[in-house]
Amino acid sequence: MSSNWNNNGRYHGGFPAAVKKRAEQELPKVCAHCGATNCPLRLDHIRNTARGGNNTIDNAQWLCDTCHDHKTRAEAAEGQAIRTAKRTLPKRPHPLDRMMPG
Ligand SMILES: [Zn+2]
C-alpha cells in the first residue's frame, strides 16, 4: 500500500481526497498522454487550475512522471509567453488624450 494517503489527509496536487479516491476507482490507470501503465502515475489537472480548471473528477487524468513534467513545463512556458505578449502589446493612445479643451 502507498503511504501517500496518510499525509494528514493532504496530498500534493490539489484534488480533494474524495476526488482522488474516485479517480483511483474510476479512471483507467494509464497515462493519458503516452499510454504507459507500468510506471507511477500522478493525478493531473486536464485544465490547469491557474487557467480556471476545477478540482473535480471531470478535470482529472492520470499522467506518468515524464508526461506530467513535460506538461508542467509546457504550461509554465505558455504562461511566460502570455505574460511577455501582454507586456509587448502595442499601446493605443487613450481617446481623451487627443481631445483638446475648448
Ligand atoms: Zn506518459
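Reading guide: rules and limits
Every chain's residues receive numbers from 1 upward, in the order its sequence appears when written. Where totals are concerned, whole chains, interfaces and linings use all residues; where local detail is concerned, this predicted model gives features only for residues with pLDDT of at least 70, and gives and counts side-chain atom pairs only at 80 or more. Strands are runs of DSSP state E lasting at least two residues, helices are runs of H or I lasting at least four, and both sets are numbered from the N terminus onward. Buried residues are those with 20 or more other C-beta atoms within 10 Å of their own C-beta, exposed residues have 12 or fewer, and partly exposed residues lie in between; C-beta atoms are placed from the backbone. Throughout, a residue-residue contact means that the two C-beta atoms, derived from backbone geometry, are no farther apart than 7 Å. In these notes, a nonpolar core means any group of buried Ala, Val, Leu, Ile, Met, Phe, Trp, Tyr and Cys residues linked to one another through C-beta atoms within 7 Å. Under the convention used throughout, the expected extent of a helix is 1.5 Å for every residue step, that is, one less than its residue count. In short, DSSP must find at least two bridges between two strands for them to pair. Scored between 0 and 100, pLDDT is the confidence that the predictor attaches to each residue.

- The protein is annotated in an unreviewed UniProt entry as HNH nuclease domain-containing protein of Gordonia malaquae NBRC 108250.

1. Describing the overall build of the protein
Argument step 1. Assigned secondary structure in the protein consists of 2 helices and 2 strands.
Argument step 2. The 102 residues of the protein split such that 13% are buried.
Argument step 3. If you take every contact in the protein between residues at least 6 apart in sequence, the share linking residues at least 24 apart comes to 59%.

2. As for the nonpolar core
Argument step 1. In terms of nonpolar packing, the biggest core is built from 9 residues, these being F15, C31, L41, L43, A60, W62, L63, C64 and C67.
Argument step 2. Of all elements in the fold, only β1 (41–45) and β2 (60–64) reach the threshold of two or more residues within this core.
Argument step 3. Looking at this core, the element that brings in the most residues is β2, giving 4 residues.

3. Considerations on helix α2 (residues 65–88)
Argument step 1. For α2, built from 24 residues, the straight-helix expectation of 34 Å at 1.5 Å per residue is met to within 8% by its first-to-last C-alpha distance of 34 Å.
Argument step 2. A small share of α2 lies buried, amounting to 2 of its 24 residues.

4. Overview of the environment of A18
Argument step 1. Looking at the secondary structure, you find A18 in helix α1 (residues 17–26).
Argument step 2. Classification of A18 as exposed rests on a count of 10 C-beta atoms within 10 Å.
Argument step 3. Between the C-alpha atom of A18 and that of I57, which follows or precedes it by 39 residues, the distance is 9.3 Å.

5. Regarding the pairing of β2
Argument step 1. Of all the 5 residues making up β2, 5 are buried; the element is thus mostly covered by neighbouring parts of the structure.
Argument step 2. Of the two faces of β2, both are covered, the one formed by A60, W62 and C64 as well as the one formed by Q61 and L63.
Argument step 3. Note that β1 and β2 share 5 bridges and pair antiparallel. Pairing of L41 across the sheet is with C64, part of β2.

6. A look at the confidence of the model for the protein
Argument step 1. Here the protein shows a mean pLDDT of 84. Residues at 70 or above account for 83%.
Argument step 2. Per-element mean pLDDT across the protein ranges from 90 in α2 up to 97 in β2.
Argument step 3. Within the model, pLDDT remains below 50 along residues 1–12, and this stretch shows 4 contacts once partners closer than five positions in the same chain are excluded.

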